[in-house]
Amino acid sequence: MTEYQSFIGLEIHIRLLTRTKAFCGCRTAFGDEPNTHVCPVCLGYPGVLPALNEEAVEMGYLVARALHCTLASETFFDRKNYFYPDMPKNYQISQFLAPIGRGGYLELALGDTRKRIGIHDVHLEEDAGKMIHRGGSSYLDYNRAGTSLLEIVTEPDLETGEEAEQFIQEFRSLVRYLGVCDGNMEEGSLKCDANVSINVRGSGLGIKTEVKNLNSSKFVKKALSYEINRQQKVLESGGLIVQETRGWDEGKNATESMRTKESAHDYRYFPEPDLPLFRTDGEFLKRVESRLVELPHLRRERFVTEYSLPEEHAAFLCDEKETADFFEEAVRMGADPGTASAWLGADIRRILKRDGLTLEESPLTPTRLAELSGLLDTDRINSKIAKQVVELIFSEDSGPEEIVRERGWEQIRDTGAVEKLVDTVISEQPKAAEQIEAGDLKPVGFLVGQVMKMSAGQADPQLAKELILQKLNNN
Amino acid sequence: MDAWKQLFRDETARSAYESYVSGWEEKIRSFLRFDPDTGLGARERFRDRGEQSPSGPADTESLTDIPFAVKDNIAVEGFPLTCGSKILEKFESPYTATAVEKLLRAGAIPVGKTNMDEFGMGSSTDNSALGKTNNPWDTGLVAGGSSGGSAAAVAAGLVPFALGSDTGGSIRQPAAFCGVYGLKPTYGTVSRYGLVAYASSLEGIGVVTAGAGLLERVYACIRGRDPRDHSSLDPPGETRAAEKRPVRTIGVFDPRKLDMREEVRGVYRLTIERFEKLGYNVREIEIPALEYTVPAYYTIAMAEASSNLARYNGIRYGYRAKGAETYEEMVMRSRSEGFGPEVKLRILLGTYVLRSGFQDQYYLRAQKIRTAIRNGFDASFGGVDLILMPVYPTNAFPHGEGGLDPFEQKLADKFTGAANLAGIPALAFPAGLTGGGIPSGMQLMAPPFEEGRLFAAARRWEEAYPPPRCPGCAETGKWGESRQ
């Protein structure tokens, strides 16, 4: 049986969160009335010139730096010439000869090992407009034309659909952490195309196909797994791979040929004469460096070791930088990491989703979370009460201490008081008491429940259980 | 200048002026659109908006109420921006070029848009798809190009100054053909924002005037770094007044070694003698790389043009072919029907020289020649303060068959194209009349940012050899009295 090796390279485009477009002062708002965020420049009117958005350049260098690329000390733009209806100038201002960053990598944690996925280059370019087909006509909305895009091209170092999915997720996390892109694949702020080939192991790259329409990380995995499998079947049956573009069809669960890839389009690249060389100076590089943050996968690892958290908890907390920041701030304020992480991952997460809020928008603050943790960790409240407290933090926008104090919810831990309740319950439940005395411990939970009910949940359940056993089952 | 200022303050003067213009226009057709009221409106709107000009204070006093013409590839809101082409024949500009904005802020009034070779491609203005312009000195001759309309309007006394653009000689050559002054500034010193792009790395907005002093004043107004044009810049350090470093030596080429008509050679020799008489030292120089001016210029210009003109596809503005069934058909027909033959030629050749596999041979090589030419000038300016050269191998030639064919015209750009390749400033000035009473012009070139030297020399020349005005050109203010 021939052993095949697969090669996947990704071309990722991210829409940068700059205030204005790449080469003009139009705002980058989306979803508005068509052609309302346009000007002569991004419409490609006669006589206009591009003016470089330095915020976009800075974000580009930030991503390149985070991906360990060699940063260009001098970068410039090239014109990529081709005709298409959504292109206002029928050339795209892009980068070809001197991209912002080259030769970097992103590390993936695969089980116990780490794999470095090479980054070929990072470069800046402008987006085209949007074409809409309706009722036999085509319409053009240029709101998106001229917005800043950053293109990241990887080396063909990925081998499976799973790896590609993980890469996309990791990369998405990274750009969200850096604050340069919201990473929303459904809305198109992060787009991914793939080049896939297989070959007999040790023979280098094979003939590649381009796979498009990968609108979610899940599709990335499914489509690329399918494509590798398809190519293998073709080769095994003695056929040759056709170099073409294929699209993932979710309905058919397959990649379908979109068009035969003609010999590479001649874009006639030449340096953009309207924009001078961009030179990075000390100031600029310092600014880029100051915007670097601890990257998601490194932060995850640190959370596991530093806070002794299970991996899934660390992963959840580090999925969004805001959550990780919130968590660490709470810990700084005295929260127990385990407690804070458990509550963030369960009840708090559920309420945020239910109410459609982000942590930042919510009434929960790191201080309040630390308070809650304090109450729980010192057994002043039990987890059942804690759940109610959390709900009230959200609905009343007040702190846990206050809530507990107002309602007198502190756990009843006084042995005497609990004993009184236990005695009452035992007397009211003679059948269960008899069972326990006889050695059958099954009804203990039920009796504890009765004590809780009678105390409106405030009795210390541990203490209640101890006392019940003490009184009824002294062996 | 005061007489010009009266124009829009005095009904009688204005009326006489407009008759004067109509009279001339029947003979020369320099304007594609003559409309002072729209110009007045542009100035008022600009003032009303309280907009500040993008950079620098303007020389307000001397340009207030002065009328001027604008080549039709420079945007003025409210006026058409046809570029002499059918593809933009009905296009009206929604914004104003920075250079024009500065003039508006200074109080000047754009009275109309002038004719030009289509998209700046040509040396006669006969490549305009919207009509011919005739040389005011002899209507059987071309006005030169591509800023022929601007030069003709100034020569006929219709405006005291006009804006044009110079990509390979397009201000200097028509200025020479029409017996007026034409300035091609240092690349980047005047914002290109609002100049319809033909060859981005070669071209710029420049000025045509009937006198050297006004040339300097208008340039002072329109120059300056513009945040909307990232290729624009201010001169580094202090702009040196010509007086600080006196212009002493002028470099000239051996007249026998330059290929040109005898009458032009004669004027070149005479001009050299006259500068010597004025006290300048004249020294012979050589710049061997200049032999490759034309191929380098056209390779780069056409390459950039093929890209710059790709935007004209009939979708957002401009001519759209009717009845097309598909996008491809619409674009192909709009461009085929909308562009003239010279434009199509340059787009095709430009696309060719950028093709992968050919770029090294053509485009990159041309850029290397360009560097060699620039180095050649730098070296020469080490020994001379200015360089004197003819503008064109012929004077104004006849329309049609009797003139230069398109290929000959391209070869004839050898004297002007060099300054564009090197980015240096050049000033064309009237150097005398030849046998048939036709103007002959010469040009001075200076190192980058040294326009001051050009103005100083031009002023001295003008003092000593005041150029004749075109027959029928009225004295300013005396529009009613002229007989054309």
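Residues numbered from 1 in each chain as written. Chains lettered and ligands numbered in written order. Predicted model: local features only at pLDDT ≥ 70, side-chain atom pairs only at ≥ 80, totals over all residues. Heavy atoms only, no water.

Q: What am I meant to see in the overall build of chain A here?
A: Of the regular secondary structure elements, chain A holds 15 helices and 16 strands. Here the C-alpha atoms of chain A give a radius of gyration of 30 Å, more than 25% beyond the 23 Å that 2.2 N^0.38 yields for 475 residues. Projecting the C-alpha coordinates of chain A onto the three principal axes gives extents of approximately 90 × 60 × 50 Å. When burial is assessed residue by residue, chain A has 51% of its 475 residues classed as buried. Put simply, of all contacts in chain A between residues at least 6 apart along the chain, 68% involve residues at least 24 apart. (Helix = DSSP H or I, 4+ residues; strand = E, 2+ residues; numbered from the N terminus. Rg over C-alpha atoms; globule rule 2.2 N^0.38 Å. Buried < 20%, exposed > 50% of the residue type's maximum accessible area, 1.4 Å probe, protein only. Contact = heavy atoms within 4.5 Å.)

Q: Where do I start with the overall build of chain B in this structure?
A: The secondary structure content of chain B amounts to 16 helices and 13 strands. Relative to the globule expectation of 23 Å for 484 residues, the C-alpha radius of gyration of chain B, 21 Å, shows essentially globular dimensions. Overall, the C-alpha framework of chain B stretches about 65 × 65 × 50 Å when taken along its three principal axes. With 484 residues in all, chain B has 64% of them scored as buried. Long-range contacts, defined here as pairs at least 24 residues apart, represent 77% of the contacts in chain B between residues at least 6 apart. Carbon and sulfur atoms make up 50% of the accessible area of chain B, which totals about 17300 Å². In chain B, 57 positive and 59 negative side-chain charges are present, and the distance between their average locations comes to 3 Å. (Areas by Shrake-Rupley, 256 points an atom, 1.4 Å probe, with all protein chains shown as cover. Lys, Arg positive; Asp, Glu negative; His and termini not counted. Charge placed at Lys NZ, Arg CZ, Asp CG, Glu CD.)

Q: Please clarify how the interface of chain A and chain B should be interpreted in this entry.
A: The parts lose accessible area when they come together, and the size of an interface is often stated as this lost area. The interface is formed by 31 residues belonging to chain A together with 38 residues belonging to chain B. When chain A packs against chain B, close to 2700 Å² is buried across both sides, 58% of that on carbon and sulfur atoms. The interface formed by chain A and chain B contains one salt bridge. The partner of Asp274 of chain A in a salt bridge is Arg192 of chain B, with the nearest N and O atoms 2.9 Å apart. Remark: the boundary between chain A and chain B carries 19 residue pairs in polar contact (both at pLDDT 80 or more). (Buried area = accessible area lost by both parts, 1.4 Å probe. Salt bridge = Lys/Arg side-chain N within 4 Å of Asp/Glu carboxyl O. Polar contact = N/O pair within 3.5 Å; in protein donor to acceptor, adjacent residues only side chain to side chain.)

Q: Just to check I follow, could you spell out unusual backbone geometry for this structure?
A: One can expect most non-glycine residues to show negative phi and most peptide bonds to be in trans. Following Gly145 of chain B, the chain continues to Ser146 of chain B via a peptide bond in cis, the omega torsion being 10°. Within the element layout of this structure, Ser146 of chain B appears in the loop between strand E5 (138–142) and helix H6 (148–155). Residue Asp397 of chain A is not a glycine yet carries a positive backbone phi of 55°. Judged by its relative accessible area of 47%, Asp397 of chain A is partly exposed. The residue Asp65 of chain B is not glycine, and still its phi comes out positive at about 65°. On the secondary structure map, Asp65 of chain B appears in the loop between helix H4 (60–63) and strand E2 (67–71). Note on Asp65 of chain B: relative accessible area 10%, which makes it buried.

Q: Is there a simple way to explain the packing of aromatic side chains in this structure?
A: Across all of its chains, the model carries 40 aromatic pairs over all chains by this definition. For the pair Tyr352 of chain B and Phe358 of chain B, a centre-to-centre distance of 4.9 Å together with 40° between the ring planes defines the contact as tilted. A cation sits over an aromatic face here: Arg134 of chain A above Tyr139 of chain A, 5.1 Å from the ring centre. Across the ring face of Trp24 of chain B, the terminal group of Lys27 of chain B is positioned such that the distance to the ring centre comes to 4.7 Å. (Phe/Tyr/Trp six-rings, centres within 6.5 Å; stacked < 30°, edge-to-face > 60°. Lys NZ or Arg CZ within 6 Å of the ring centre and 35° of its normal.)

Q: Could you clarify how one ought to interpret the pattern of salt bridges in this entry?
A: Opposite charge on two side chains permits pairing when their charged atoms draw close. Residue and element names in this part refer to chain A. Following the criterion strictly, the structure yields 69 salt bridges over all chains and no others. Across the pair Glu170 and Arg300 runs a salt bridge, and its minimum N-O distance is 2.9 Å. Separated by 130 residues along the polypeptide, Glu170 in helix H2 (residues 161–178) and Arg300 in helix H5 (residues 296–307) bring together distant segments of the chain. Residue classification places Arg300 among the partly exposed positions, given a relative accessible area of 22%. Residue Glu391 pairs with Arg350 through a salt bridge whose shortest N-O separation is 3.9 Å. Of this pair, Glu391 sits in helix H10 (residues 383–396) while Arg350 sits in helix H8 (residues 337–355), and the two are 41 residues apart along the sequence. For Glu391, a relative accessible area of 26% puts it in the partly exposed group. Here the salt bridges do not stand alone but share partners, grouping Glu294, Arg299, Arg302, Glu306, Lys321, Asp325 and Glu328 into one network.

Q: What is the right way to look at the sheet that holds strand E6 (residues 161–166) of chain B in this model?
A: Two pairing modes exist for strands in a sheet, parallel and antiparallel, and in both the strands are linked by backbone hydrogen bonds. Residues and elements named next belong to chain B. Strand order in the open sheet formed by eleven strands is E1-E3-E2-E6-E8-E7-E12-E13-E11-E9-E10, and the pairing between neighbours is mixed. Every other strand in the sheet has two partners, leaving strand E1 (31–34) and strand E10 (281–284) as the edge strands with one partner each. Neighbour-to-neighbour, the strand axes of this sheet turn through a mean angle of 30°, independent of strand direction. With three bridges joining them, E2 and E6 adopt parallel strand pairing. Within E6, the position partnered with Ala69 by the bridge is Ala162. (Pairing = 2+ DSSP bridges. Axes fitted to C-alpha atoms, helices over the stretch in contact; angles between N-to-C directions.)

Q: Explanation requested: the confidence of the model for chain B in the structure shown.
A: Low pLDDT means the predicted coordinates in that region are not meant to be read closely. Residues and elements named next belong to chain B. The share of residues in chain B with pLDDT of 70 or more is 95%, and the mean pLDDT across the chain is 93. Scored below 50 in pLDDT, residues 55–60 shows 13 contacts in the model against residues more than four places distant or in partner chains. Note on the complex model: pTM 0.89, ipTM 0.93. (pLDDT = per-residue confidence, 0-100.)

Q: What's the story with the environment of Tyr226 of chain A in this structure? I'm lost.
A: Among the structural elements, Tyr226 of chain A can be located in helix H3 (residues 217–236). Not counting residues within four places of it along the chain, the set of residues in contact with Tyr226 of chain A comprises Trp248, Asn253, Ala254 and Thr255 of chain A.

Q: Just checking my understanding: could you explain the side chain of Glu272 of chain A for this structure?
A: All names here are of chain A. The residue Glu272 is located in the loop between strand E15 (270–271) and strand E16 (278–279) in this model. When its relative accessible area of 3% is taken as the criterion, Glu272 is described as buried. Here the side chain of Glu272 touches Arg79 through a polar contact of 2.9 Å, side chain to side chain. Not counting residues within four places of it along the chain, the set of residues in contact with Glu272 comprises Phe77, Asp78, Arg79, Tyr91 and Ile93.

Q: Whenever I open this one, the pairing of E10 of chain B confuses me. Can you help?
A: Two faces belong to every sheet, and in a regular strand the side chains alternate between them. Residue and element names in this part refer to chain B. As paired elements, strand E9 (residues 249–252) and E10 share four bridges and run parallel to each other. When the sheet's bridge partners are listed, Thr249 is paired in E10 with Asn281. Crossover E9 to E10 through helix H9 (residues 262–277) is right-handed. (Right-handed = clockwise from strand over helix to strand, strands pointing away.)

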